[in-house]
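Analysis of the macromolecular model
Listed here are the chains, written in short residue letters.
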Amino acid sequence: MAIRGPRLEFAVGAFLLLALASLLVLAFASTNRQFGGGGDTYALNARFSTLGQLRLQAPVRIGGVAVGRVAKIDLDPKRFDAVVTLDIDKRYQLPADTSAGIFTSGLLGESYVGLQPGGDPENLKPGEEIAYTQPAVDLIQLAGKYMFGGGSASTPATPTAPTNAPSPTEATP
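Summary of the structure given here. (Residues numbered from 1 in each chain as written. Predicted model: local features only at pLDDT ≥ 70, side-chain atom pairs only at ≥ 80, totals over all residues. Heavy atoms only, no water.)

Its identity is not glycine, yet Gln57 carries a phi of approximately 70 degrees, on the positive side. Positionally, Gln57 belongs in the loop between strand 1 (41-48) and strand 2 (59-62). Positive phi values are uncommon outside glycine, yet Phe80 reaches one of about 55 degrees. Tracing the backbone through its elements, the reader meets Phe80 in the loop between strand 3 (65-75) and strand 4 (82-89). Exposure remark for Phe80: the relative accessible area of 58% places this residue in the exposed category. (Helix = DSSP H or I, 4+ residues; strand = E, 2+ residues; numbered from the N terminus. Buried < 20%, exposed > 50% of the residue type's maximum accessible area, 1.4 Å probe, protein only.)

Okay, here's the thing in C-alpha cells:
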C-alpha cells in the first residue's frame with residue numbers, strides 16, 4: 001500500500017476546486033445570470049396579453065444585440081395583462097414610439113423581448129411604459145390550428161334578423 005504524499009492530496013484538492021468553480025460558471029451561464037453588477041440600467045415597462053415561455057433574466061434585444069434583461073414579471077390585477085419590467089442599459093436611449101415583441105430564437109430556443117425603435121425625437125423616460133407591444137406566438141396552438149383546420153371548417157352561427165324587419169337587400173318604400 002502506497003503512502004499518499006501531501007503534494008498528491010494538494011493536487012487532487014486543487015483539481016476538485018477547479019471542477020466545482022467550472023460547474024458554478026456553467027450553472028450561471030445556463031440560467032442567463034451575469035457576474036457582478038448589471039451596470040447602469042433604467043427600467044421600462046411593457047404590457048403583454050400572452051408571455052409564452054418568457055422568463056426572468058431573459059435578454060432584451062435590438063437587432064439581435066442584447067441591450068438589457070427582463071427584471072420582473074407581474075400580473076395587472078385590473079386588466080389581467082402581464083406587465084414586464086425591462087432593465088435597459090443606459091447607453092441606449094429609446095424613442096417614445098419604440099415597440100416590443102416576444103420572440104423565440106429558433107424553434108425550441110429561449111424566448112426574448114425584441115425591441116424595434118421608432119423615429120420619435122422624444123425618448124422614453126425611466127419607469128415609462130412601451131405603448132406598442134406584440135404578444136408571444138404559441139407555436140403549439142398555431143400548429144394545432146393548421147393541422148385541425150383552426151375554425152375555417154366550422155363557422156360560428158350568425159344571428160338571425162327579426163321576421164318583421166326587411167332584409168338588407170329589400171328596398172324600403
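Text resumes after the structure shown.
Below, the discussion takes up the environment of Gly127. Along the polypeptide, Gly127 turns up in the loop between strand 6 (111-116) and strand 7 (129-130). Look at Gly127 and you get partly exposed, because its relative accessible area is 45%. In the structure, Gly127 is positioned 83 residues away from Leu44 in sequence and 5.0 Å away in space, judged by C-alpha atoms. Excluding residues that lie within four positions of it along the chain, Gly127 makes contacts with Ala43 and Asn45. (Contact = heavy atoms within 4.5 Å.)

Turning to the sheet that holds strand 6, a few remarks are in order. Sheet strands associate in pairs through backbone hydrogen bonding, adopting either a parallel or an antiparallel arrangement. One open sheet holds the eight strands; their spatial order is 7-1-4-3-2-6-5-8, and the pairing between them is mixed. At either margin of the open sheet sits one strand with a lone partner, and together these are strand 7 and strand 8 (132-134). Across two bridges, the pairing between strand 2 and strand 6 is parallel. Within the sheet, the bridge partner assigned to Val60 lies in strand 6 and is Val113. (Pairing = 2+ DSSP bridges.)

All right, on to the pairing of strand 4 then. Counting buried residues along strand 4, six of its eight residues qualify, which places the element largely inside the surrounding structure. Sheet topology note: the strand 1/strand 4 ladder contains eight bridges and is antiparallel. Bridge pairing in strand 4 links Phe48 to Ala82. The sheet contact formed by strand 3 and strand 4 spans seven bridges and is antiparallel. Paired with Val70 across the strands is Leu86, a residue of strand 4. Count of turn residues in the strand 3/strand 4 antiparallel hairpin: six residues, of which Phe80 carries a positive phi of about 55 degrees.

Turning next to a nonpolar patch on the surface. Among the surface-exposed residues, Leu107, Leu108, Val137, Leu139 and Leu142 lie close enough to one another that they form a single nonpolar patch of about 560 Å² accessible area. The topology assignment puts Val137 in the loop between strand 8 and helix 2 (139-148). (Patch = residues over 30% accessible without salt bridge, like charges linked within 9 Å, V, L, I, M, F, W, Y side chains within 5 Å. Areas by Shrake-Rupley, 256 points an atom, 1.4 Å probe, with all protein chains shown as cover. Salt bridge = Lys/Arg side-chain N within 4 Å of Asp/Glu carboxyl O.)

Okay, the side chain of Asp76 next. Within the secondary structure layout, Asp76 lies in the loop between strand 3 and strand 4. Exposure remark for Asp76: the relative accessible area of 16% places this residue in the buried category. One polar contact links Asp76 to Arg47, side chain to side chain, over a distance of 2.6 Å. A polar contact is formed between the side chain of Asp76 and the backbone nitrogen of Lys78, at a distance of 3.1 Å. Setting aside its immediate chain neighbours within four residues, Asp76 contacts Arg47, Asp81 and Val83. (Polar contact = N/O pair within 3.5 Å; in protein donor to acceptor, adjacent residues only side chain to side chain.)

Within the secondary structure, Arg61 is located in strand 2. At 3.3 Å, the side chain of Arg61 forms a polar contact with the side chain of Glu110. Sequence-distant contacts of Arg61, that is, excluding residues within four places in its chain, are made with Ala66, Val67, Ser105, Glu110, Tyr112, Val113, Gly114 and Leu115.

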